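Chain residues, written in single-letter form:
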Amino acid sequence: YPIIFALLGTALSAVLDPSLTDWRLIEKNEERVLFPLRDYILEVKAFRPDVYDTNPSYGELFRTDKSTTMMMLLHAGNWNKKVGRLVWNTIKYDRGFDINIEECDARYQAYNSFPAGGKKEQIWAWNFNQDNVELTCDGELQYTQHFDEGDVNARKPGLPEKCRALGDADVDRIIFRHMEGYYIRGIPRSTEQETKPQTEKPTTIITTKPTTKAATTAAATTAAATTAAATTGAPDPDDVLYDEAYPTCDCWTPECGYCTNMECTVKQDLINSNKGIEVTSKLKRKRLNSIVLYDEDGNEIGKFQWSLRGIWLSGCIQCLTPAELRRARAAEGPTTWSFSLKDGVVRITINEECLYEQPLVGECKEKYGKAKRFAFYDMTCESPFLYRCSEMLDGERITPTCAGACPQQ
């Protein structure tokens, strides 16, 4: 097979080769590349085909259409020692057969959203850490896997031990398949990122270090509002009697223009809202809670997503979910939580206690300071949110039945 000696004489040394940061064309249907995943994040520039089928006939082997499929075979030390097989696609399939790490997943997993919002050109990033691997597309998380949490399946012997072994492997060479005409490059990891052990505390990629103090400001604001209401005798406009529970209508539908129809959004001045968005949902490790944020003109700013594994704000936050937030979920059934952007600070609150707080700075603060609308993405009818009449204005499709998409309660 054709071989690209990406690192030349220093391929297996600790010296980072600056040439790896340049885009390199994959010229053949199968190419071998020396690439140290310990030292670099691997970026792939791929292109969605113009014609594709999101619900093809998979056949007995469940093989997806090769025009959308990318594959990497990971090797450690020599070309005879394969430690990983990764398959992923440039589209999101209706049945969820989107991505698979053979050593960790007993079956194909589904993306969190349609890659790159349906755009033809896509920038994928594989980030292999000591404890987990993450895959993003255009900065949006699509897949994550902890190496200690591989699937168990009698039909796939070796799981989950092979998953942990993949995390421990010193991958230094990759075979790329079905990727002719695509491009690859490396993004060097910082020395601090590689040497500092991962902890339960969140780490961010753009914002400042997260604070750990409780949301005393939010508690004081709530107390002040209660006192004012008692003094004046006026009802609190955010009292539950004045609000309604609506289902989290999924905006990724043809009727909602795949999250572009503003009638599927709720208008709210998030930067000035004391309450934010309150949702009741089942908190899981792999299932994301996703909120799309828009500016006043309806342009998408980014997505806020979180699960028991991690917290993400497009382009600004990417961190592990802190232990105190994981422990606060309901022992059984759904948990009521709130997301807030008050004064440019990202907060997640459960039972009126702030369990995650991260101030935004610079471009991130400016960007998300424009958040004036929101919609829910890939959520279910069983996960209601609190429609606050005093500060929200719903689109025509935000109804108790999501304009017919959800059953009448």
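Residues numbered from 1 in each chain as written. Predicted model: local features only at pLDDT ≥ 70, side-chain atom pairs only at ≥ 80, totals over all residues. Heavy atoms only, no water.

## Re the packing of aromatic side chains
Aromatic ring pairs: the centre-centre distance and the angle between the two ring planes describe each pair. Filter applied, for reference: To pair, rings of Phe, Tyr and Trp, with the six-membered ring standing in for Trp, must have centres within 6.5 Å; the planes then decide the type, stacked if under 30 degrees apart, edge-to-face if over 60, and tilted in the middle. Each residue is placed in one exposure class: buried if its accessible area under a 1.4 Å probe, protein chains only, is under 20% of its type's maximum, exposed if it is over 50%, and partly exposed if it falls in between. Should the NZ of a Lys or the CZ of an Arg lie within 6 Å of a ring centre and within 35 degrees of the ring normal, that charge is described as sitting over the ring.
Tallied over the full model, the rule gives 19 aromatic pairs. Both rings, one in phenylalanine 376 and one in phenylalanine 385, keep their centres 5.0 Å apart while their planes meet at 50°; by these two values the pair is tilted. What makes phenylalanine 376 buried here is its relative accessible area of 3%. Residue classification places phenylalanine 385 among the buried positions, given a relative accessible area of 2%. Counting every residue linked through ring pairs, the aromatic cluster contains Trp88, Tyr111, Trp124, Trp126, Phe128 and Phe147. Positioned over the ring face of tryptophan 79 is arginine 32, at 5.1 Å from the centre of the ring. Across from the ring centre of tyrosine 377, 5.5 Å away, lies the NZ or CZ of lysine 303, which sits over that ring.

## Here we look at the sheet that holds strand β8 (residues 121–128)
Condition: If DSSP finds at least two bridges between two strands, the strands pair. By definition, any uninterrupted DSSP run of H or I lasting at least four residues is a helix, any uninterrupted run of E lasting at least two residues is a strand, and each is numbered from the N terminus.
Here 6 strands make up an open sheet; going across it, the order is β2-β12-β4-β8-β9-β10 and the pairing antiparallel. Edge positions in the sheet fall to β2 (24–25) and β10 (140–146), since each has one partner strand and no second.

## Structural notes on the pairing of strand β12 (residues 183–188)
Strand direction decides the pairing type here: β2 and β12, joined by 2 bridges, are antiparallel. Note that in β12 the partner of arginine 24 across the bridge is isoleucine 184. Bridge analysis of strand β4 (residues 40–47) against β12 gives 6 bridges, and the strand direction is antiparallel. Counted as the bridge partner of tyrosine 40 is proline 188 from β12.

## Quick word on the pairing of β10
The buried fraction of β10 amounts to 7 of the 7 residues, a majority that puts the element mostly inside the structure. Where strand β9 (residues 132–137) lies against β10, 6 bridges are found, and the strand directions are antiparallel. Counterpart to valine 133 in the pairing with β10 is glutamine 145.

## Observations regarding the environment of leucine 86
Put simply, the test is: When checking whether two residues touch, look at their non-hydrogen atoms; a contact exists if any pair is within 4.5 Å.
If you trace the backbone, leucine 86 turns up in strand β6 (residues 82–89). Counting along the chain gives 14 residues from leucine 86 to asparagine 100, while the straight-line C-alpha distance between them is 5.9 Å. Not counting chain neighbours up to four residues away, the residues in contact with leucine 86 comprise Met70, Met71, Met72, Leu74, Asn100, Ile101, Trp126 and Phe128.

## A look at the nonpolar core
Stated formally: By convention a nonpolar core is built from buried Ala, Val, Leu, Ile, Met, Phe, Trp, Tyr and Cys residues, the set being connected through side-chain atoms within 4.5 Å.
Core analysis: the biggest nonpolar cluster contains 40 residues, and Phe304 and Phe385 have the highest contact counts within it. Residue contacts for phenylalanine 385: discarding those within four places in its chain leaves Glu244, Ala245, Tyr246, Pro247, Thr248, Val266, Glu278, Val279, Phe374, Phe376, Met392 and Ile398. Counting residues in hydrophobic clusters, the runner-up holds 38 residues, among them Val44, Met70, Trp88 and Phe176.

## Examining the pattern of salt bridges
Applied cut-off: Put simply, a salt bridge is a Lys or Arg side-chain nitrogen that is within 4 Å of an Asp or Glu carboxyl oxygen.
Inspection of the entire model under this criterion finds 19 salt bridges. Close ionic contact of aspartate 98 with lysine 92 constitutes a salt bridge, the shortest N to O distance being 3.9 Å. A relative accessible area of 17% places lysine 92 in the buried class. A salt bridge links lysine 303 to glutamate 300; the shortest N-O distance between them is 3.2 Å.

## Details of unusual backbone geometry
Of note, the bond from leucine 159 into proline 160 is cis; its omega dihedral lies within 30 degrees of zero at 5°. On the secondary structure map, proline 160 appears in the loop between β10 and α1 (161–168). Even without a glycine there, the phi angle at aspartate 138 is positive, about 50°. Along the chain, aspartate 138 falls in the loop between β9 and β10. Since its relative accessible area comes to 34%, aspartate 138 is described here as partly exposed.

## Here we look at the state of the cysteines
In plain terms, the rule: Two cysteine sulfurs form a disulfide in these notes if their separation is within 2.5 Å.
The tally for this structure, following the rule as stated, stands at 6 disulfides. Between the sulfur atoms of cysteine 249 and its disulfide mate cysteine 402 the distance is 1.9 Å. Residues cysteine 249 and cysteine 402 share a disulfide whose torsion about the S-S bond is about -90°; that sign makes it left-handed. Of this pair, cysteine 249 sits in the loop between β13 (244–247) and β14 (266–267) while cysteine 402 sits in the segment after β25 (393–394), and the two are 153 residues apart along the sequence. Note on cysteine connectivity: cysteine 251 is disulfide-linked to cysteine 259, with sulfurs 2.0 Å apart. What sets the handedness of the cysteine 251 and cysteine 259 disulfide is the S-S torsion sign, and at about 80° it is right-handed. Residue cysteine 251 shares its accessibility class with cysteine 259, and that shared class is buried. Look at the chain and number its bonded cysteines as they come in the sequence; the links are 1-2, 3-11, 4-6, 5-7, 8-9, 10-12.

## Concerning the sheet that holds strand β18 (residues 310–313)
Read from one edge of the open sheet, 7 strands run β19-β18-β17-β16-β23-β14-β25, paired in antiparallel fashion. Looking along the sheet, the strands with just one partner apiece sit at the ends: β19 (317–320) and β25.

## Re the side chain of serine 338
Position of serine 338 among the secondary structure elements: in strand β20 (residues 335–340). Looking at serine 338, the relative accessible area reads 14%, which means it is buried. Excluding its chain neighbours within four sequence positions, the residues that come into contact with serine 338 are Lys275, Ile277, Glu278, Arg347, Ile348 and Thr349.

## Section: α1
Which entries qualify depends on this criterion: What the arc measures is the spread of directions leading from the helix axis to the C-beta atoms.
Buried within α1 we find Cys163, Arg164, Leu166 and Gly167. Within α1, the buried residues cover an arc of 155° as seen down the axis, which keeps them to one side. Of the surrounding secondary structure, the elements contacted by the buried residues of α1 are β5 (69–75), β6, β7 (99–101), β8 and β10.

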